[in-house]
Amino acid sequence: MGYKPDRGARGLPGGKPKYSIFSLARNAGSYHQDWQRAWRAPEPKAEYDAVIIGGGGHGLATAYYMAAVHGMTNIAVLEKGWLGGGNTGRNTTIIRSNYLWDESAAIYEHALKLWEGLAQDLNFNIMFSQRGVLTIAHSEHELREMSRRVHAIKLNGIDSDVLGPEEIKAFVPIINIDQSIRYPVMGGFLQKRGGTARHDAVAWGYARAADDLGVDIIQNCEVTGLRRNGDSIEGVETTRGFIKTPKVGCVVAGHCSVMAAMAGIRLPIASRPLQALVSEPIKPVLDTVIMSNAVHMYISQSDKGEMVLGAGVDKYNSYAQRGSFPTPEHMIAAGVELFPILSRLRMLRHWGGIVDTCPDASPIISRTDVKGLYFNCGWGTGGFKATPGSGHVFADLIAHDRPNKIAAPYSLDRFQTGLLIDEHGAAGVAH
Amino acid sequence: MLLIKCPFCGDRDELEFSCGGEAHIARPLAENTLTDAEFADYLFLRDNPKGVFLERWIHTDGCRRWFNVARDTVSHEIIEVYPMGETPKTEAAKAAHKASWRRQTAAEAAAKPASPAGRSGS
Ligand SMILES: Cc1cc2nc3c(=O)[nH]c(=O)nc-3n(C[C@H](O)[C@H](O)[C@H](O)COP(=O)(O)OP(=O)(O)OC[C@H]3O[C@@H](n4cnc5c(N)ncnc54)[C@H](O)[C@@H]3O)c2cc1C
Ligand SMILES: [Zn+2]
């Protein structure tokens, strides 16, 4: 994995003052009343060279790299609500690249390389914090599976270390390693380069940088139809009129099946709620991220001090952006045993996002049978970590109408050839 | 939380059930004549509507029997519960059954016992 991704040609933001400690000081002088707009609010043009549907992190990153790396600046991002209002702004922000299969290692590590330095690329503080991600095992079987996975990860040149219960206790003092509990901590593995980032800032940073390069970011603009001319895409119908374009990239996560149906295409996706909750803020007690695949729990502490807890995916399809109670209840029951300090905390907020789950728990980055229509979806419960890498390879796919080496295995035709990238069996869950 | 009416046990809490996903996916009988794409329709591709969805449920912690449910994926309202092997009766669920792309697939056609005119050589 010794290569360097092409981060694109972009120096200072065009037209806008650069964010820095000096601009912060200068604006403090005017009580922060004079900050410039981070991006324009343009009217949609009648025609673009390409249109990206979905203003989440993946869609905005795609647009940014199309402009920065491939020089496509006459493009638009259409978002039905507000930027990052989908799963981008609802996720628990875990970033890691410790996946079993080579294809996964390639794309998630590509993303991690881009995360390292993204704040500089975008001139935006995305609060990327490589605080480590520790995955814990609760059974003999999980331990063995874990050591297999660690070997595979290391062969791909990605950092990963196995820890015993005592080492875990030293690393995470609030954890309970009593072996008599329902989910005893029997070991774990740590990716030190993993961590978290501020989700909204990622969307805003890409939006601001893409806008600098001339990309039109259009919010409150819902795509209601995909217009085809025979086998090619002709444009998109929106709540703000028809927009003509020869290339359309759909990056709408939980709504990808709805979008595909507009073009008469079928996907192997099931849309499910995934839930998370945060507690009242407390003093710092946890400076890393802990995940448990057996419980379907992941926990970290935000910079504000809230404990951020994520649960497993609900068992039935839904577009309701709220989840069922049994799922978080199960997670919290195990959570208070593993972290007794949680039992006294009050929860402040609880929400759900609709995630696009794929049969092999790997994404779809693909052309379709309709020329000029591309899909980037199926990231399910774990696509935030991939945001920069996903946008980077999808931009390349749209610009050149062929997948590069990293994207190729994620083509839709793997469901016909059987070349699945089965991260389900490998990782249990993937956040 | 869903309150699901098991046709055999009556109203029970969602916790007692497991969801088996899309209903009415028939295993193709003439599977060796299907193309890979047609077999993928059966094996991997799924109906995933925003609105009325026809799905299978099993009363895992009860009678352990399967049945079909027509449920709205936005409001979570359960529109109809009906037996395996049957199609729904209410208008909304009937419309969803008819609208599903699966009704047009070769796999679905191949699941019906072969009739001489039933399949053109694909
Ligand atoms: C509770 C929760 C926890 C998670 N935790 C993690 C984690 O810890 N780590 C991790 O890596 N991943 C995690 N994920 C998954 C991650 O959030 C997603 O995979 C990722 O954010 C998807 O980004 P996106 O840009 O593709 O989708 P989104 O951010 O959902 O963006 C899609 C956008 O498309 C828009 N859209 C939809 N339909 C239309 C239309 N017709 N016209 C115009 N716009 C439309 C939507 O409004 C939305 O803004 C989590 C998800 C959830 C819900
Ligand atoms: Zn029953």
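Look up: the structure comes first, before these words.
Everything quoted here is computed from the prediction, not taken from an experiment.

What counts and how
- Residues numbered from 1 in each chain as written.
- Chains lettered and ligands numbered in written order.
- Predicted model: local features only at pLDDT ≥ 70, side-chain atom pairs only at ≥ 80, totals over all residues.
- Heavy atoms only, no water.
- Salt bridge = Lys/Arg side-chain N within 4 Å of Asp/Glu carboxyl O.
- Helix = DSSP H or I, 4+ residues; strand = E, 2+ residues; numbered from the N terminus.
- Buried < 20%, exposed > 50% of the residue type's maximum accessible area, 1.4 Å probe, protein only.
- Expected span 1.5 Å × (residues − 1).
- Contact = heavy atoms within 4.5 Å.
- Pairing = 2+ DSSP bridges.
- Axes fitted to C-alpha atoms, helices over the stretch in contact; angles between N-to-C directions.
- Buried area = accessible area lost by both parts, 1.4 Å probe.
- Polar contact = N/O pair within 3.5 Å; in protein donor to acceptor, adjacent residues only side chain to side chain.
- Nonpolar A, V, L, I, M, F, W, Y, C, P; charged D, E, K, R; others polar.
- Near = heavy atom within 4 Å.
- Areas by Shrake-Rupley, 256 points an atom, 1.4 Å probe, with all protein chains shown as cover.
- Domains from an automatic or database assignment.
- Phe/Tyr/Trp six-rings, centres within 6.5 Å; stacked < 30°, edge-to-face > 60°.
- Donors = N, O, S within 2.8 Å, 3.2 Å for Na, K, Ca; no water.
- Tetrahedral: all angles 85-135°; square planar, octahedral: opposite > 155°, others 65-115°.
- Parallel < 35°, antiparallel > 145°, perpendicular 65-115°, else oblique.

## Topic: the pattern of salt bridges
Residue and element names in this part refer to chain A.
Working step 1: Scanning all chains against the criterion turns up 25 salt bridges over all chains.
Working step 2: When the shortest N-O distance is used, the salt bridge between Glu-109 and Arg-193 registers 2.8 Å. Of this pair, Glu-109 sits in helix α3 (residues 102-115) while Arg-193 sits in the loop between β6 (187-191) and β7 (195-196); the two residues are 84 residues apart in sequence, bridging distant segments of the chain.
Working step 3: Here Lys-192 ties to Asp-161 by a salt bridge, and the two come within 3.8 Å at their closest N and O atoms. Of the two residues, Lys-192 sits in the loop between β6 and β7 while Asp-161 sits in strand β5 (residues 161-163), which places them 31 residues apart along the sequence.
Working step 4: Given a relative accessible area of 30%, Asp-161 falls into the partly exposed group.
Working step 5: Overlapping salt bridges bring together Glu-109, Lys-113, Glu-116, Asp-159 and Arg-193 as one network.

## Structural notes on helix α9 (residues 326-338) of chain A
Because each turn of an α-helix spans 3.6 residues, side chains separated by three or four positions in sequence point in the same direction.
All names here are of chain A.
Working step 1: The terminal C-alpha atoms of α9 lie 19 Å apart, and with 13 residues this matches the ideal 18 Å at 1.5 Å per residue to within 8%.
Working step 2: Taken as a whole, α9 has its buried residues at Pro-326, Thr-327, Pro-328, Met-331, Ala-334, Gly-335 and Leu-338.
Working step 3: Residues of α9 that are buried in the fold lie against β4 (133-137), β13 (270-281), β15 (297-301), β16 (306-313) and β17 (347-357).

## A look at the sheet that holds strand β4 (residues 52-58) of chain B
All names here are of chain B.
Working step 1: One open sheet holds the four strands; their spatial order is β3-β4-β5-β6, and the pairing between them is antiparallel. The sheet is open, and its two edges are formed by β3 (18-22) and β6 (78-82), each paired on a single side. Within the sheet, the average angular offset between the axes of one strand and its neighbour, ignoring direction, is 30 degrees.
Working step 2: The pairing of β3 with β4 spans four bridges and is classified as antiparallel. Along β4, the bridge assignment pairs Glu-22 with Glu-55.
Working step 3: Packing against the sheet, helix α2 (residues 91-99) makes contact with β4, β5 (66-72) and β6, and its axis sits at approximately 95 degrees to β4.

## Digging into the interface of chain A and chain B
Working step 1: Of the residues lining the interface, 23 residues belong to chain A; the matching set on chain B comes to 27 residues.
Working step 2: Of the roughly 2,200 Å² buried at the junction of chain A and chain B (both faces included), carbon and sulfur atoms supply 57%.
Working step 3: In this assembly, chain A and chain B are joined by one salt bridge.
Working step 4: Arg-266 of chain A serves as the salt-bridge partner of Asp-41 of chain B, at 3.3 Å between the closest nitrogen and oxygen.
Working step 5: One can count 15 residue pairs in polar contact (both at pLDDT 80 or more) joining chain A with chain B.
Working step 6: The set of elements that each furnish at least two residues to the side of chain A that touches chain B consists of α8 (256-262), β13 and α11 (414-417) of chain A.
Working step 7: Among the residues forming the side of chain A that touches chain B, the class breakdown is twelve nonpolar, seven polar and four charged.

## Remarks on the site of ligand 1
All names here are of chain A.
Working step 1: As a structural note, the neighbourhood of ligand 1 is formed by 37 residues, with Glu-79, Asn-87, Thr-88, Thr-92 and Lys-385 the closest of them.
Working step 2: A distance of 3.0 Å separates an oxygen atom of ligand 1 from a polar backbone atom of Ile-94.
Working step 3: For ligand 1, the accessible surface in isolation is 1,000 Å², of which the surrounding protein chains cover 97%.
Working step 4: Broken down by secondary-structure element, the contributors of at least two residues to the shell around ligand 1 are α2 (57-68), β13 and β17.
Working step 5: Here the shell around ligand 1 takes three residues from β13, the largest share from any one element.
Working step 6: Partitioned by chemical class, the residues of the shell around ligand 1 number 14 nonpolar, 18 polar and five charged.
Working step 7: Counting only domains with at least three residues in the shell around ligand 1, you end up with domain 1 (39-124 + 198-268 + 360-417) and domain 2 (133-192 + 270-357).

## Some words on the packing of aromatic side chains
Residue and element names in this part refer to chain A.
Working step 1: Scanning the model with the defined rule gives 14 aromatic pairs over all chains in all.
Working step 2: Arranged with centres 5.0 Å apart and planes meeting at 65 degrees, the rings of Tyr-64 and Tyr-65 form a pair that is edge-to-face. Of the two residues, Tyr-64 and Tyr-65, neither departs from the other in class, the shared state being buried.
Working step 3: An angle of 20 degrees between the planes, with centres 5.8 Å apart, marks the rings of Trp-115 and Phe-128 as stacked. In this pair, Trp-115 sits in helix α3 while Phe-128 sits in the loop between α4 (118-122) and β4, placing the two residues 13 residues apart along the sequence.
Working step 4: We classify Trp-115 as buried; its relative accessible area is 1%.
Working step 5: Overall, Phe-128 belongs to the partly exposed group, its relative accessible area being 22%.

## Concerning the coordination of the zinc ion (ligand 2)
Residues and elements named next belong to chain B.
Working step 1: Within the protein, Cys-6 (SG), Cys-9 (SG), His-59 (ND1) and Cys-63 (SG) serve as the donor atoms for the zinc ion (ligand 2), at 2.0 to 2.3 Å.
Working step 2: Around the zinc ion (ligand 2) sit four donor atoms; with metal-centred angles ranging over 105 to 122 degrees, the donor geometry is tetrahedral.
Working step 3: Between consecutive donors of the zinc ion (ligand 2), the numbers of intervening residues give the motif C-x2-C-x49-H-x3-C. Residue Cys-9 is found in the loop between β1 (3-6) and β2 (10-13), and its partner Cys-63 is found in the loop between β4 and β5; the two are separated by 54 residues along the sequence.
Working step 4: On the basis of relative accessibility, which here comes to 30%, the residue Cys-9 falls in the partly exposed class.

## Brief notes about the packing of α3 of chain A against helix α10 (residues 387-400) of chain A
Residue and element names in this part refer to chain A.
Working step 1: Between α3 and α10, whose axes approach to 7 Å, the crossing angle comes to 105 degrees. In terms of orientation, α3 and α10 fall into the roughly perpendicular class. Within the contact between the two elements, α3 uses Ile-107, His-110, Ala-111, Leu-114 and Trp-115 and α10 uses Thr-387, Pro-388, Gly-389, His-392 and Val-393.
Working step 2: Of the residues assigned to the contact of α3 with α10, the class counts are six nonpolar, four polar and no charged.

## Observations concerning the pairing of β2 of chain B
All names here are of chain B.
Working step 1: As judged from the four bridges shared by β1 and β2, these two strands associate in the antiparallel manner. Within β2, the residue paired with Cys-6 across the bridge is Gly-10.
Working step 2: In this structure, the hairpin formed by β1 and β2 is closed by a connection of three residues.

## Considerations on α2 of chain A
Residues and elements named next belong to chain A.
Working step 1: Here α2 contains twelve residues, and its C-alpha end-to-end distance of 16 Å stays within 8% of the 16 Å for a straight helix at 1.5 Å per residue.
Working step 2: Most of α2 is tucked away, with twelve of its twelve residues classed as buried.
Working step 3: Within α2 the residues assigned to the buried category are Gly-57, His-58, Gly-59, Leu-60, Ala-61, Thr-62, Ala-63, Tyr-64, Tyr-65, Met-66, Ala-67 and Ala-68.

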